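What the coordinates show
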Amino acid sequence: MADDIEARLSAVPAPTTSPEGGDGSDDYLKRRTLRRGSAGWLLLTGLGVAYVVSGDFSGWNVGLDKGGFGGLAIATVLMGAMYACLVFSLAELSTILPTAGGGYGFARRALGPWGGFLTGTAILIEYILAPAAIVIFIGDYVESLGLFGLTSSWPVYLGCFVIFIGVHLWGVGEALRFSLVVTAIAVAALLIFAVGAFTEFSADGLNDIPVDTTAFGSNSWLPMGLLGIWAAFPFGMWFFLGVEGVPLAAEEAKDPVRSMPKALAISMGILALLALITFFAATGAQGADAVRSAGNPLVVALEGDDGPTALSRFVNYAGLAGLVASFFSLIYAGSRQLFALSRAGYLPRFLSLTSQRKAPYLGLVIPGAIGFALAAATGDGARMLNIAVFGATISYALMALSHIVLRRREPDLERPYRTPGGILTSSVAFALALSALVATFLVDKDAAFIALAVYAVALAYFAIYSRHHLVASAPEEEFAALAKAEAELSRD
């Protein structure tokens, strides 16, 4: 099945018109093709780490303020388990359907058009809002480092979007190689930071946050009580948030059936290791209380009362590299999800047109323009990241559910890679994703309701218009139609 779809995408034959709608032109798919074979397992692994690496430099530490060291530690373990289970489930799904649709394509076959749209829209919310938030953090770093005398303001945001979207327009291979280099710098800096911070490590600092004696189950390790564990879920996610976007590169990968599971597994292993050493090194060096509300917790962990050091300055610059790596890769992910939804008719079709260099130029420019406008208008990176997390948790639950449904409904479907543990693995991911979704209301109710409002508008558009104009020749739609045809044949 996966080989058939790969051959279909490579040949790009003339499409057929969907009875529900479609495009009658013979070159519909030819004007909507990506550059295949641009990324091997190494670039895909780099992409998976790049999505996430900025979260190691800042953001996760706010979870200390919600649940203390013990609460955040438990939350990180649980969220790490969720991502591990989800990644293994996605590895199987991505070998069945190696296209740019990613989670939308999986859910489309398992849950129908509504499920596909719900999943794709949730992913799109994550990948449009997250770059808008990160560009604000980049501006903050540029200002704090005194680079070129710039302040965190719209010229910096605009410059970031223009420069990095420009690299993506140049070509996917060039873009992913750039991302790999910047990510390698950020990862090396995290390892160097850990070596320096562990020289100051003290276990007593892990539980130095004052205990809230009114909270149920509170103690020195859980200063905010048992509920603090749940409230820390979204911040435990920051060590892994985005790694699920690797399958969005399947259509541009070399041999995605083999390289995708390998890249997902290695990415997850690297991120788990970075989470472990960063978490313990940063909290143990100066104490959890010192870093829990810091905008740059790694720098605070190194400086203490002695002020800036050569190592803290290096880590500060490296933090900027980490932010750039995540910003750059998330732009890529958002453009591919938008491309796939548009190509299939769920969103306006012109958004999936590709350039001579096989880049979805409108899929890059329009989300970039939205992200820049949000960053310049609000300057509230934390709120936008909370909205992104809300969208992410919805997509996780739906992607895990898709794996469960396909395993039960189509047990004989060809699976070049099979998820260890099968349905049990994806069921764990599903349950933990729902728990994380509820936890977002504990952190930022306004962000959750804003995300729901955006969701409602998107669903209204789908219900009224786009579900009647889907393109049957889009790979994800063909994959779903094939399942329907096979079911009808089996009944006959």
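Being a predicted model, the structure only gives us computed values, none of them experimental. (Residues numbered from 1 in each chain as written. Predicted model: local features only at pLDDT ≥ 70, side-chain atom pairs only at ≥ 80, totals over all residues. Heavy atoms only, no water.)

1. Notes on the overall build of the protein chain
Along its length, the protein chain carries 18 helices and 0 strands. For the protein chain, whose C-alpha radius of gyration is 22 Å, the value lies close to the compact-globule estimate of 23 Å for 492 residues. Along the first, second and third principal axes, the C-alpha atoms of the protein chain reach 70 × 50 × 40 Å. Expressed as a percentage of its 492 residues, the buried residues of the protein chain come to 61%. (Helix = DSSP H or I, 4+ residues; strand = E, 2+ residues; numbered from the N terminus. Rg over C-alpha atoms; globule rule 2.2 N^0.38 Å. Buried < 20%, exposed > 50% of the residue type's maximum accessible area, 1.4 Å probe, protein only.)

2. Here we look at the layout of surface pockets
Looking at the largest pocket, its volume works out to about 600 Å³. Elements that contribute at least two residues to the lining of the largest pocket include exactly α5 (103–144), α14 (361–378), α15 (381–409) and α17 (445–464). Here the element with the most residues in the lining of the largest pocket is α5; it accounts for 6 residues. Taken together, the residues of the lining of the largest pocket break down into 20 nonpolar, 2 polar and 2 charged. Roughly 410 Å³ of volume is contained in the second largest pocket. Contributing elements (two or more residues each) for the lining of the second largest pocket: α4 (62–96), α5 and α15. (1 Å grid on protein atoms, 1.4 Å probe; cavity = no way out; pocket = protein on both sides within 12 Å on 5 of 7 lines; lining within 4 Å. Points joined across faces, edges and corners; volume = space filled by probe spheres on them. Nonpolar A, V, L, I, M, F, W, Y, C, P; charged D, E, K, R; others polar.)

3. Observations concerning empty space enclosed by the protein
Rolled over the atoms, a probe sized like a water molecule indicates the empty space that remains. Scanning all chains against the criterion turns up 4 cavities of 30 Å³ or more. The computed volume of the largest cavity comes to approximately 180 Å³. Forming the boundary of the largest cavity are 17 residues, of which S54, G55, I134, L241 and L385 lie nearest the centre. Secondary structure elements with two or more residues in the lining of the largest cavity: α2 (41–52), α3 (54–57), α5 and α13 (310–343). Here the element with the most residues in the lining of the largest cavity is α5; it accounts for 5 residues. Quantified by volume, the second largest cavity comes out at close to 80 Å³. In terms of lining residues, the second largest cavity is bounded by 14 residues, among which Y127, P131, I331, P367 and G368 are the most central. Residue assignment for the lining of the second largest cavity shows that the elements contributing at least two residues are α5, α13 and α14. Here the lining of the second largest cavity takes 5 residues from α14, the largest share from any one element.

4. Some remarks on helix α6 (residues 154–170)
End to end, α6 covers 24 Å across 17 residues, agreeing with the expected 24 Å (1.5 Å per residue, within 8%). Within α6 the residues assigned to the buried category are V156, Y157, C160, F161, F164, I165, V167 and H168. Seen from one end, α6 has its buried residues packed into an arc of 150°, which puts them on one side. Away from its buried face by more than 90 degrees, α6 exposes W154, V162 and I163. Looking at the buried side of α6, the elements it contacts are α5, α7 (172–198), α13 and α14. (Expected span 1.5 Å × (residues − 1). Arc of directions from axis to C-beta. Contact = heavy atoms within 4.5 Å.)

5. What about unusual backbone geometry?
Even without a glycine there, the phi angle at F148 is positive, about 60°. With respect to the secondary-structure elements, F148 resides in the loop between α5 and α6. Of the residues examined, F148 reaches a relative accessible area of 78% and is grouped as exposed. Despite not being glycine, D255 shows a phi value in the positive range, around 45°.

6. Re the packing of α7 against helix α10 (residues 256–286)
The N-to-C vectors of α7 and α10 enclose an angle of 40°; their axes lie 9 Å apart at closest approach. The orientation of α7 with respect to α10, classified from their angle, is oblique. At the point where α7 passes α10, the crossing takes the left-handed sense. Across the interface between the two elements, V187, L190, L191, F193, A194, A197 and F198 from α7 touch L274, I277, T278, F280, A281, A282 and A285 from α10. Its residues assigned to classes, the contact of α7 with α10 comprises 13 nonpolar, 1 polar and no charged. (Axes fitted to C-alpha atoms, helices over the stretch in contact; angles between N-to-C directions. Parallel < 35°, antiparallel > 145°, perpendicular 65-115°, else oblique. Left-handed = near helix turned anticlockwise from the far one by under 90°.)

7. Brief notes about a nonpolar patch on the surface
On the surface, a nonpolar cluster with roughly 320 Å² of combined accessible area is contributed by W41, L42, I266 and I270. Going through the elements one at a time, α2 and α10 are the ones with two or more residues in the nonpolar patch. Positionally, L42 belongs in helix α2. (Patch = residues over 30% accessible without salt bridge, like charges linked within 9 Å, V, L, I, M, F, W, Y side chains within 5 Å. Areas by Shrake-Rupley, 256 points an atom, 1.4 Å probe, with all protein chains shown as cover. Salt bridge = Lys/Arg side-chain N within 4 Å of Asp/Glu carboxyl O.)

8. Some thoughts on the side chain of S179
In this structure, S179 sits in helix α7. Ignoring anything within four residues of it in the chain, the contact list for S179 reads A50, A325, F328 and S329.

9. Some remarks on the environment of S38
As for its placement among the helices and strands, S38 is situated in the loop between α1 (2–11) and α2. Between the C-alpha atom of S38 and that of G171, which follows or precedes it by 133 residues, the distance is 9.2 Å. Beyond its immediate stretch of four places on either side in the chain, S38 contacts L43, V172, G173, E252 and K254.

10. A few points about the packing of aromatic side chains
Counted by the stated rule, this structure contains 25 aromatic pairs. Aromatic ring contacts, followed pair by pair, group W60, F69, W221, F239, F279 and F280 into a single cluster. Above the plane of the ring of W41 lies K262, whose end atom (NZ or CZ) is 4.1 Å from the centre. (Phe/Tyr/Trp six-rings, centres within 6.5 Å; stacked < 30°, edge-to-face > 60°. Lys NZ or Arg CZ within 6 Å of the ring centre and 35° of its normal.)

11. Digging into the packing of α5 against α6
Running from amino to carboxyl end, α5 crosses α6 at an angle of 120°, the nearest separation of the two axes being 9 Å. Looking at the two axes, α5 sits oblique to α6. For the pair α5 and α6, the sense of crossing is right-handed. Taking contact as the criterion, the partners of P131, A132, V135, I136, I138 and G139 in α5 are, on α6, V156, Y157, C160 and F161. Residues that form the contact of α5 with α6 fall into these classes: 9 nonpolar, 1 polar and no charged.

Geometric descriptors of this kind do not, in isolation, establish any biological role.
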